[in-house]
Amino acid sequence: MAQGTIFNIEMPNYDSSAEEWLHLSERALVKGDFLSNNMVAGLQTLHLMAHLHLILDKGRRGDTAWPLWGLVIRLIQAMGMHRDGDRWNLPQDVSEERRKVFWECHCADIFQAHCFSMLLIPKHLKSENPQIGMSSTNHG
């Protein structure tokens, strides 16, 4: 509802009701104890809330959105959504929904990491930039 309020062309730009809907979503997640009762709908809500925070951020460079996307990815891992549900004999429709939600959240996380220059380089990799020099030989 909050994103619908933001993108509704019949409403004024940055209508305050969007933030009200956002706060109601946050309260619903807390009331439902989403950290203990992990559900796909909760992940989708957090993911959409992060996007909305990015829209409403007003120059804070994603300071409120970025932690939410991180939380979504950690919950996805905790729920095992990064693994194929077919191996657990889940119904086909459940496996497909889990795949779609995983890939949407994963791709958004990678994309936003690139946008905000927050890519993490694993410690076992060297983090130095490669040496790029001009070769004196012509490989034409």
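Only a predicted model underlies this, so the values are computations on that prediction, with no experimental measurement involved.

Peer 1: Now, about unusual backbone geometry: what can you tell me, with residues and values included?
Peer 2: Phi angles above zero are rare outside glycine, and D33 is one such case at about 50°. By relative accessible area, which is 37% here, D33 ends up partly exposed.

Peer 1: Give me helix 4 (residues 65–78): which residues, what numbers.
Peer 2: Relative to the 20 Å expected for 14 residues at 1.5 Å per residue, helix 4 spans 20 Å between its end C-alpha atoms, a close match to the ideal helical length. Within helix 4, the full set of buried residues consists of A65, L68, W69, G70, V72, I73, L75 and I76. Buried-residue contacts for helix 4 involve helix 3 (40–56) and helix 5 (92–115).

Peer 1: If you had to explain the pattern of salt bridges to someone new, which residues and values would you point to?
Peer 2: With the rule as written, the count across this model stands at 3 salt bridges. Between D86 and R99 there is a salt bridge; the shortest N-O distance is 2.7 Å. Here D86, found in the loop between helix 4 and helix 5, pairs with R99, found in helix 5; they are 13 residues apart in sequence, far enough to count as distant. Here R99 makes a salt bridge to E96, at a shortest N to O gap of 2.9 Å. Of the two residues, R99 and E96 are both situated in helix 5; the distance of 3 residues between them amounts to about one turn of the helix. The partly exposed category is assigned to R99, whose relative accessible area is 24%. By relative accessible area, which is 32% here, E96 ends up partly exposed. The network of salt bridges with shared partners includes D84, D86, E96 and R99.

Peer 1: Account for the packing of helix 2 (residues 16–31) against helix 3, naming residues and giving values.
Peer 2: Helix 3 packs onto helix 2 with a crossing angle of 150° between their chain directions and a minimal axis gap of 11 Å. Taken together, the axes of helix 2 and helix 3 lie roughly antiparallel to each other. By crossing handedness, the relation of helix 2 to helix 3 is classed as left-handed. Seen from helix 2, the contacting residues are A18, E19, L22, S25, E26 and L29; seen from helix 3, they are G42, T45, L46, M49, L52, H53 and L56. Looking at side-chain class alone, the contact of helix 2 with helix 3 contains 7 nonpolar, 4 polar and 2 charged residues.

Peer 1: So, the packing of helix 3 against helix 5: which residues are in play, and what are the values?
Peer 2: At a minimum axis distance of 11 Å, the contact between helix 3 and helix 5 shows a crossing angle of 25°. Taken together, the axis directions place helix 3 and helix 5 in an arrangement best described as roughly parallel. The chirality of how helix 3 crosses helix 5 is left-handed. For the pair formed by helix 3 and helix 5, the contact residues are V40, Q44, H47, H51 and L54 on the first element and E97, V101, E104, C105, A108 and Q112 on the second. Looking at side-chain class alone, the contact of helix 3 with helix 5 contains 5 nonpolar, 4 polar and 2 charged residues.

Cut-offs applied
Residues numbered from 1 in each chain as written. Predicted model: local features only at pLDDT ≥ 70, side-chain atom pairs only at ≥ 80, totals over all residues. Heavy atoms only, no water. Buried < 20%, exposed > 50% of the residue type's maximum accessible area, 1.4 Å probe, protein only. Helix = DSSP H or I, 4+ residues; strand = E, 2+ residues; numbered from the N terminus. Expected span 1.5 Å × (residues − 1). Contact = heavy atoms within 4.5 Å. Salt bridge = Lys/Arg side-chain N within 4 Å of Asp/Glu carboxyl O. Axes fitted to C-alpha atoms, helices over the stretch in contact; angles between N-to-C directions. Parallel < 35°, antiparallel > 145°, perpendicular 65-115°, else oblique. Left-handed = near helix turned anticlockwise from the far one by under 90°. Nonpolar A, V, L, I, M, F, W, Y, C, P; charged D, E, K, R; others polar.

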